[in-house]
Each structure stands twice: as C-alpha cells, then as structure tokens.
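Notes for the structure review
Listed here are the chains, written in short residue letters.
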Amino acid sequence: MKKFIITFLIFIFTNLAMISPVFAEPVMYNTQTQKVHKVSCPHAKKCTKNCIKIERKDAYNKGGVPCKTCGG
Ligand SMILES: [Zn+2]
C-alpha cells in the first residue's frame, strides 16, 4: 500500500511539471505584428481585429515576440 502511494505521488508531480501553468496560460497573440500580450495588457484590450487568444507556448511556437509593456 505504501509503495502504491509513493508511485501515485511521483505520478502527480511529474504531470504537474509537464503542465506548467506559465506555458498553458492563455495570451493574446497579434497575428499581424506577432506581439504576445498578457490578457490583461492594455494593448491586448485595444487589439480586437488581429488578436487571437491562444496558449503562451503556441504563441511563441508561431514566432511570437513578447510585448514591451507587459512582457508577453
Ligand atoms: Zn502587451
């Protein structure tokens, strides 16, 4: 039983490391300028036409550049 609990805990921790909240967090990605904004960024709020809400890792995979105001 003790062995089972340890295996279970290791399983939980490895999965938590893989699903990092920083990379899974949604961001606003400007498809035209390729700027990556936090959802709360004032630029993201102004950007309604070219911005899409995607996961941070996807935005940087597409060649996203962090915003100078909010840091992406
Ligand atoms: Zn920004």
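Here, the structure is the one placed above.
Heads up: these notes are all about the structure in this document.

Calculation notes
Residues numbered from 1 in each chain as written. Predicted model: local features only at pLDDT ≥ 70, side-chain atom pairs only at ≥ 80, totals over all residues. Heavy atoms only, no water. Salt bridge = Lys/Arg side-chain N within 4 Å of Asp/Glu carboxyl O. Helix = DSSP H or I, 4+ residues; strand = E, 2+ residues; numbered from the N terminus. Buried < 20%, exposed > 50% of the residue type's maximum accessible area, 1.4 Å probe, protein only. Contact = heavy atoms within 4.5 Å. Disulfide = S-S within 2.5 Å. Donors = N, O, S within 2.8 Å, 3.2 Å for Na, K, Ca; no water. Tetrahedral: all angles 85-135°; square planar, octahedral: opposite > 155°, others 65-115°.

Our next topic: the pattern of salt bridges. Scanning the entire structure with this criterion turns up three salt bridges. Across the pair Glu-55 and Lys-57 runs a salt bridge, and its minimum N-O distance is 2.9 Å. What emerges from the salt-bridge pattern is a single network uniting Glu-55, Lys-57 and Asp-58.

A separate point is the side chain of His-37. Looking at the secondary structure, you find His-37 in strand β2 (residues 35-38). Residue His-37 is classed as buried on the basis of its relative accessible area of 6%. The residues touching His-37, leaving out its near neighbours within four places in the chain, are Val-27, Met-28, His-43, Ala-44, Cys-67, Cys-70 and Gly-72.

Let us look at the state of the cysteines. Taken as a whole and assessed by the stated rule, the structure comprises one disulfide. Sulfur-sulfur distance for the disulfide between Cys-47 and Cys-51 comes to 2.0 Å. With the S-S dihedral at roughly 105°, the linkage between Cys-47 and Cys-51 falls on the right-handed side. For Cys-47, a relative accessible area of 16% gives the class buried.

Moving on, we come to the coordination of the zinc ion. Looking at the zinc ion, one finds its protein donor set to be His-37 (ND1), Cys-41 (SG), Cys-67 (SG) and Cys-70 (SG), positioned 2.1 to 2.5 Å from the metal centre. For the zinc ion, the four donor atoms are set out with angles of 96 to 131° between them, so the coordination reads as tetrahedral. Of note, the donors binding the zinc ion are all from one chain and are spaced H-x3-C-x25-C-x2-C. Of this pair, Cys-41 sits in the loop between β2 and α3 (42-46) while Cys-67 sits in the segment after β4 (65-66), and the two are 26 residues apart along the sequence. Across the pair, Cys-67 and Cys-41 agree in class, each one buried.

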